[in-house]
Amino acid sequence: MFQWSKKVVKSVTFNPELADESLLAQVESYLEKQPDKTFSDLCKEALWQSLCVPESVQPAPQTAARTPIEQQIGELQRQVAGLEERFFAKGSNRLEAMEHHLLQLSQQVAQLALIVNDRSIIQSPTQLEVVNNTSYTVATPPQEVDPVISRLSQFLDDF
């Protein structure tokens, strides 16, 4: 059987996904309610239960008080977890705000595209009517006249 050294450290990674964040929140809540427990203790208990190890084989829960250093480490771990939670909450809020702004901007761009398309459709028939029917004049908004077009229009009038 494989034997580990005296102390082996394994890590647990919580990703910024809804399931992991809710699990982490539950873990933090549980550890706040039971300050004598550590994250390591909680993980070990969960592993014992999930692997269906009989209670007679499981080690007895530690009732002895932790050393001051262990208590400080536990407190620092809780503080870091709290900071991480607030950091991810702020990041999530910022992301939601940016998504909201992007949605608003895309809606505004779509509205502007519709307005531009409507104006080009309205202006196109009047311009065609002016070119095809020289005897009728249609009131169009004043536009800058291109000098080349003005010279060519004289030839069209003569023709």
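Residues numbered from 1 in each chain as written. Predicted model: local features only at pLDDT ≥ 70, side-chain atom pairs only at ≥ 80, totals over all residues. Heavy atoms only, no water.

Draft legend 1. Structural view of the overall build of the chain. Along the chain, the regular secondary structure elements total four helices and zero strands. Mapped from its N terminus to its C terminus, the chain presents α and β elements in the order α-α-α-α. Per-residue burial for the chain yields a buried fraction of 6% across its 159 residues. Counting only contacts in the chain whose residues sit at least 6 apart along the sequence, the fraction spanning at least 24 positions is 31%. (Helix = DSSP H or I, 4+ residues; strand = E, 2+ residues; numbered from the N terminus. Buried < 20%, exposed > 50% of the residue type's maximum accessible area, 1.4 Å probe, protein only. Contact = heavy atoms within 4.5 Å.)

Draft legend 2. How the structure looks around the side chain of Thr38. Along the chain, Thr38 turns up in the loop between helix H1 (18–33) and helix H2 (39–50). A distance of 3.1 Å separates a polar side-chain atom of Thr38 from the backbone nitrogen of Asp41. (Polar contact = N/O pair within 3.5 Å; in protein donor to acceptor, adjacent residues only side chain to side chain.)

Draft legend 3. Inspection of H2 at higher detail. Taking 1.5 Å as the rise per residue, H2 with twelve residues should run 16 Å; its terminal C-alpha atoms sit 16 Å apart, in good agreement. Positive backbone phi, at 55°, marks Cys52, one or two positions downstream of H2. (Expected span 1.5 Å × (residues − 1).)

Draft legend 4. Looking closely at the pattern of salt bridges. One pass over the structure, following the stated rule, counts two salt bridges. For Glu45, the salt bridge identified is with Lys37, shortest N-O distance 2.3 Å. The partly exposed category is assigned to Glu45, whose relative accessible area is 29%. Notably, a salt bridge pairs Arg78 with Glu75, separated by 3.5 Å at the nearest N-O pair. On the criterion of helical spacing, the pair formed by Arg78 and Glu75 is a turn pair, its members being three residues apart in helix H3 (residues 68–132). For Arg78, a relative accessible area of 28% gives the class partly exposed. Using a relative accessible area of 36% as the deciding quantity, one classes Glu75 as partly exposed. (Salt bridge = Lys/Arg side-chain N within 4 Å of Asp/Glu carboxyl O.)

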